[in-house]
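# Inside the fold
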Amino acid sequence: MEIIKSEQGQLTILTGKTDMGKSTLTVYDASEFIKRGSHVIFFSYEYRQSIILNKLVSHFGVNFSNLLYADIVDASNMGLSMLEDIIRCKKGWVDVVYIDYLDLLKNATYGESGDAETEIKRIQSIVADLADLANELNIAIILLSQVGSSSDFERSIDRLNNFAAKAKKGNVIKMFIGKGNVIDARIQYDDIVHVILVEGYDLRHFSSVNIKEVYKADAK
């Protein structure tokens, strides 16, 4: 079952406010690929390898034998160049890469200091480099970010769109996860954003639809 939209040669950015379940959703998504025999690298900046493996096996039913298809990397303090070197070493083996998450990758690459303008430029640079890598190796890369607000949906989407502003090949899929009430009919967007709306344990994935169309569907 596809929840996170991904394609070979594309970079997907999944963002939303803290505690929306992005990491768990991502591990579930990885489990689906692993069960099908696709090769996955999961870079975890926040959780230990053992936690990811436990979720794959205990929560999402991955057989121990299928873990041969997974490379779970404790990525704490790993900068972008080292991460890219690991991915390139797996060229021809890896199909899907997960990076959890962008904000800690940025800090590991550049440090934590910087004004708001500098920080967004750093994020844009990382996104552009990873989009190029996805295209170069013809793999899917899924990148999580904790940027997002349920009370300021417009600003969250604007920032998400801004993240991909420097990607030269336009091969970035943008996703937002949030509560169903984040959609506001007053907001006008021309860009396409994939949206996961969360209502309790129910996930509704609006794939390849305009934000305004999501609102119309949600209002029915």
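Residues numbered from 1 in each chain as written. Predicted model: local features only at pLDDT ≥ 70, side-chain atom pairs only at ≥ 80, totals over all residues. Heavy atoms only, no water.

Relative to each other, helix H1 (residues 22-35) and helix H2 (residues 49-59) sit at 60°, their axes nearing to 10 Å. Overall, the two elements H1 and H2 adopt an arrangement that is oblique. The handedness of the crossing between H1 and H2 comes out as right-handed. For the pair formed by H1 and H2, the contact residues are Thr24, Val27, Ser31 and Ile34 on the first element and Ile52, Lys55 and Leu56 on the second. Residue classes in the contact of H1 with H2 are distributed as 4 nonpolar, 2 polar and 1 charged. (Axes fitted to C-alpha atoms, helices over the stretch in contact; angles between N-to-C directions. Helix = DSSP H or I, 4+ residues; strand = E, 2+ residues; numbered from the N terminus. Parallel < 35°, antiparallel > 145°, perpendicular 65-115°, else oblique. Left-handed = near helix turned anticlockwise from the far one by under 90°. Contact = heavy atoms within 4.5 Å. Nonpolar A, V, L, I, M, F, W, Y, C, P; charged D, E, K, R; others polar.)

The subject of this paragraph is unusual backbone geometry. Of the consecutive residues aspartate 100 and tyrosine 101, the connecting peptide bond is found in the cis state with omega at 15°. Checked against the element boundaries, tyrosine 101 lands in the loop between strand E4 (96-100) and helix H4 (102-110). Of note in the backbone geometry, asparagine 77 takes a positive phi value of approximately 70° without being a glycine. The residue asparagine 77 is located in the loop between strand E3 (70-74) and helix H3 (80-89) in this model.

What follows deals with the packing of aromatic side chains. Within this structure, the stated rule accounts for 2 aromatic pairs. Between phenylalanine 42 and tyrosine 98, the ring centres sit 5.7 Å apart and the planes meet at 25°, which makes this aromatic pair stacked. On the criterion of sequence distance, the pair formed by phenylalanine 42 in strand E2 (residues 40-44) and tyrosine 98 in strand E4 is long-range, its members being 56 residues apart. One cation-aromatic arrangement involves lysine 55 over tyrosine 47; the distance from NZ or CZ to the ring centre is 5.3 Å. (Phe/Tyr/Trp six-rings, centres within 6.5 Å; stacked < 30°, edge-to-face > 60°. Lys NZ or Arg CZ within 6 Å of the ring centre and 35° of its normal.)

What follows covers the pairing of E3. Remember that side chains alternate between the two faces of the sheet whenever the strand is regular. Sheet analysis places E2 next to E3, joined by 5 bridges and oriented parallel. Across the sheet, the residue bridging to phenylalanine 43 is valine 73, located in E3. Crossover E2 to E3 through H2 is right-handed. (Pairing = 2+ DSSP bridges. Right-handed = clockwise from strand over helix to strand, strands pointing away.)

Glancing now at the layout of surface pockets. Roughly 160 Å³ of volume is contained in the second largest pocket. Per-element accounting of the lining of the second largest pocket gives the leading share, 3 residues, to H1. (1 Å grid on protein atoms, 1.4 Å probe; cavity = no way out; pocket = protein on both sides within 12 Å on 5 of 7 lines; lining within 4 Å. Points joined across faces, edges and corners; volume = space filled by probe spheres on them.)

Scanning all chains against the criterion turns up 8 salt bridges. Ionic pairing is found between glutamate 7 and lysine 5, a salt bridge with its closest N-O pair at 3.6 Å. Judged by relative accessible area, glutamate 7 falls into the partly exposed class, the value being 37%. Between lysine 168 and aspartate 132 there is a salt bridge whose closest N-O contact spans 3.0 Å. Of this pair, lysine 168 sits in the loop between helix H6 (153-163) and strand E6 (172-179) while aspartate 132 sits in helix H5 (residues 116-137), placing them 36 residues apart in sequence. Bridged by salt links that share partners, the residues Lys106, Glu119 and Arg122 form one connected network. (Salt bridge = Lys/Arg side-chain N within 4 Å of Asp/Glu carboxyl O. Buried < 20%, exposed > 50% of the residue type's maximum accessible area, 1.4 Å probe, protein only.)

On to the pairing of strand E1 (residues 11-16), then. In terms of burial, E1 is largely enclosed, as 6 of its 6 residues are buried. Along E1, one buried face is formed by Leu11, Ile13 and Thr15 and the opposite face, lined by Thr12, Leu14 and Gly16, is buried too. Note that E1 and strand E5 (residues 140-145) share 5 bridges and pair parallel. Within the sheet, the bridge partner assigned to threonine 15 lies in E5 and is serine 145.

Considering every residue of the protein chain, the mean pLDDT works out to 82; 76% of them sit at 70 or more. Residue range residues 186-190 is modelled with pLDDT below 50. Its contacts to residues more than four positions away, or to other chains, number 13 contacts. Segment residues 206-216 is flagged for pLDDT under 50; beyond a separation of four residues in sequence, or across chains, it makes 31 contacts in the model. (pLDDT = per-residue confidence, 0-100.)

Attention now goes to the nonpolar core. Note that soluble globular proteins tend to have their nonpolar side chains buried in a common cluster. In terms of nonpolar packing, the biggest core is built from 35 residues, with Leu11, Phe43, Leu83, Val97, Ile99 and Leu130 touching the most fellow members. A per-element tally of this core places H5 first, with 9 residues. The contact partners of phenylalanine 43, leaving out residues within four places of it in the chain, are Val73, Ala75, Met78, Leu83, Ile86, Ile87, Val97, Tyr98, Ile99 and Asp100. If you look at the next biggest cluster of nonpolar residues, it comprises 28 residues, including Ile3, Met20, Val62 and Ile72. (Core = buried A, V, L, I, M, F, W, Y, C linked by side-chain atoms within 4.5 Å.)

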